[in-house]
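Residue strings, one per chain:
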Amino acid sequence: ETITNKIAAGEVVERPASVIKELLENSLDAGASDVSVEIAAGGRRLIRITDNGHGMSREDALLSLERHATSKIRTDSDLDGILTLGFRGEALPSIASVSRFRLATREAGSLEGTEIIVEGGRVKDVKACGMAPGTVISVEQLFFNTPARLKFLRSAETETGHVGDTVARMAVSRPEVAFRLASDDREMLRVQRSDLRRRIAQTVGKDAAAALHEVAGTEGGITVTGFISGPQSVRSTTSAMFTYINGRFVRDKVVQHAIMQAYRGVIDRGRYPILALFIELPPGEVDVNVHPTKHEVRFRRQSAVHDALQAALEGVLRRSPW
Ligand code: ADP
Ligand code: MG
């Protein structure tokens, strides 16, 4: 069991940022409206996520550390209509198998919380604890028992950069949730509950808000909404291009190509737009199950997605001053 979890961890847990992605998804799935992320030494020494979501009972908290114990899928047909971000029931046991792990959680209606300590996949202690409703997960010394994985981690700066990207992607996708990220006690991001336009501007950290144009279009059962800017005047990268399929961040070839097509003749080399685009399609039309850590998806109707996206963007770009 511990070995299986460590093997699964190789799939799910690549680096601190992938731990944070999984834990943030769980917090959002738990209905949190406020999530705080703290890291030390790029997440190698410490990752701590605190949420105000619905928490877990003692029994469910113990169950959550068992492999394939997901509370989100009950039948096979649920798999075709995944609405939550998580569904594999792998993240917690995987992360707990390759770290010194602490889960503290309390349901709103409960008088006390439950604290579980796990070291390298072995439960060391389970006890009652006092805490606010919600969940706090601490991951210390990630990969302490898998030296080969540890060797692949980059510098604290690089890992912190990946964590920042991960939190920004989540923050843009959920403007109604407050997010905070602190690295070595320095605040990197703090955003209040807001709307999408303001959230993009706060997250990207530019005076981008005024230059954002709203996108809204539906074609062939595929809906595209969000905001786009013109190409930025300063040299920019694709890192302010946030694209989501059914609420999940993706970096997909089809999506990227449709954007570049729509902006052809507008984007010069090295001057990319700021954008946040949300593509919604029936869950059965997209396979998000390709790989747990890669931002890839597989579409059933690839060209329909391409066309819907291009049409939605071209509508705005034709009217835009750039
Ligand atoms: P999955 O998200 O695929 O279901 P995980 O291993 O990530 O699997 O989590 C296992 C279960 O633990 C979840 O299904 C959920 O019931 C519970 N859980 C995990 N994190 C939280 C959280 N922050 N708040 C409430 N419940 C949680
Ligand atoms: Mg999960």
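The paragraphs below set out a description of the structure included in this document. Note that the structure is predicted; figures quoted are calculated from it, not measured. (Residues numbered from 1 in each chain as written. Chains lettered and ligands numbered in written order. Predicted model: local features only at pLDDT ≥ 70, side-chain atom pairs only at ≥ 80, totals over all residues.)

### Regarding the overall build of the protein chain
Next, step 1: On a plain count of helices and strands, the protein chain comes out with 9 helices and 15 strands.
Next, step 2: Residues classed as buried in the protein chain amount to 39% of the 322 residues present.
Next, step 3: Counting only contacts in the protein chain whose residues sit at least 6 apart along the sequence, the fraction spanning at least 24 positions is 69%. (Helix = DSSP H or I, 4+ residues; strand = E, 2+ residues; numbered from the N terminus. Buried ≥ 20, exposed ≤ 12 C-beta atoms within 10 Å, placed from the backbone. Contact = placed C-beta atoms within 7 Å.)

### Points about the packing of helix H2 (residues 16–29) against helix H6 (residues 156–173)
Next, step 1: Closest axis-to-axis distance for the H2/H6 pair is 8 Å, and the angle between their directions is 25°. One finds that H2 runs roughly parallel with respect to H6. Crossing of H2 over H6 shows right-handed handedness. For the pair H2 and H6, contact is made by Pro16, Ala17, Ile20, Lys21 and Leu24 and by Glu159, His162, Val163, Thr166, Val167 and Met170, respectively.
Next, step 2: Taken together, the residues of the contact of H2 with H6 sort by class into 7 nonpolar, 2 polar and 2 charged. (Axes fitted to C-alpha atoms, helices over the stretch in contact; angles between N-to-C directions. Parallel < 35°, antiparallel > 145°, perpendicular 65-115°, else oblique. Left-handed = near helix turned anticlockwise from the far one by under 90°. Nonpolar A, V, L, I, M, F, W, Y, C, P; charged D, E, K, R; others polar.)

### A look at the sheet that holds strand E9 (residues 213–219)
Next, step 1: With mixed pairing, the 5 strands of this open sheet are ordered in space as E9-E10-E13-E11-E12. The sheet terminates laterally at E9 and strand E12 (248–249), the two strands that pair on one side only.
Next, step 2: Pairing of strand E11 (residues 241–245) with E12 involves 2 bridges; the strand directions are antiparallel. What sits directly across from Tyr244, in E12, is Phe249.
Next, step 3: Sheet strands in contact with helix H7 (residues 196–204) are strand E10 (222–231) and strand E13 (273–280), and its direction is about 135° off that of E13. (Pairing = 2+ DSSP bridges.)

### Topic: the nonpolar core
Next, step 1: Core analysis: the biggest nonpolar cluster contains 74 residues, and Ile20, Ile95, Val167 and Leu309 have the highest contact counts within it.
Next, step 2: Here this core gathers at least three residues from each of two domains, domain 1 (2–191) and domain 2 (206–319).
Next, step 3: Residue contacts for Ile95: discarding those within four places in its chain leaves Ala9, Val13, Val19, Glu22, Phe101 and Val139. (Core = buried A, V, L, I, M, F, W, Y, C linked by C-beta atoms within 7 Å. Domains from an automatic or database assignment.)

### Observations concerning the environment of Arg198
Next, step 1: Within the secondary structure, Arg198 is located in helix H7.
Next, step 2: For Arg198, a count of 14 C-beta atoms within 10 Å corresponds to the partly exposed category.
Next, step 3: Along the backbone, Arg198 and Leu212 are 14 residues apart, and their C-alpha atoms lie at a distance of 10.0 Å.

### A look at the sheet that holds strand E7 (residues 178–183)
Next, step 1: Strands sit in the order E5-E4-E3-E6-E2-E1-E7-E8 across an open sheet of 8 strands; the sheet is mixed. The sheet terminates laterally at strand E5 (122–129) and strand E8 (186–191), the two strands that pair on one side only. Mean inter-strand twist for the sheet, computed between neighbouring axes without regard to direction, equals 10°.
Next, step 2: Running at roughly 10° to strand E2 (residues 46–51), H2 makes contact with strand E1 (34–40), E2 and strand E6 (134–140) of the sheet.
Next, step 3: Across the face of the sheet, H6 comes into contact with E1, E7 and E8 while running at roughly 175° to E7.

### Here's the deal with unusual backbone geometry
Next, step 1: A positive phi angle, close to 55°, is found at Ala41, a residue other than glycine.
Next, step 2: Along the chain, Ala41 falls in the loop between E1 and E2.
Next, step 3: With 16 C-beta atoms packed within 10 Å, Ala41 lands in the partly exposed category.
Next, step 4: Positive phi, normally seen in glycine, also occurs at Gln141, with a value near 50°.
Next, step 5: For Gln141, the location among the structural elements is in the loop between E6 and helix H5 (147–152).
Next, step 6: Overall, the presence of 17 C-beta atoms within 10 Å leaves Gln141 in the partly exposed class.

### A word on the packing of helix H8 (residues 253–262) against helix H9 (residues 302–319)
Next, step 1: Interaxial distance between H8 and H9 falls to 9 Å at its minimum, and their mutual angle equals 30°. Here H8 is positioned roughly parallel relative to H9, judged by the angle of their axes. Between H8 and H9 the crossing geometry is right-handed. Side by side, H8 and H9 meet where Val254, Val255, His257, Ala258, Ile259, Gln261 and Ala262 of the first sit next to Gln302, Val305, His306, Leu309, Gln310, Leu313, Glu314 and Leu317 of the second.
Next, step 2: Partitioned by chemical class, the residues of the contact of H8 with H9 number 9 nonpolar, 5 polar and 1 charged.

Read these as layout, nothing more, since geometry by itself doesn't imply function.
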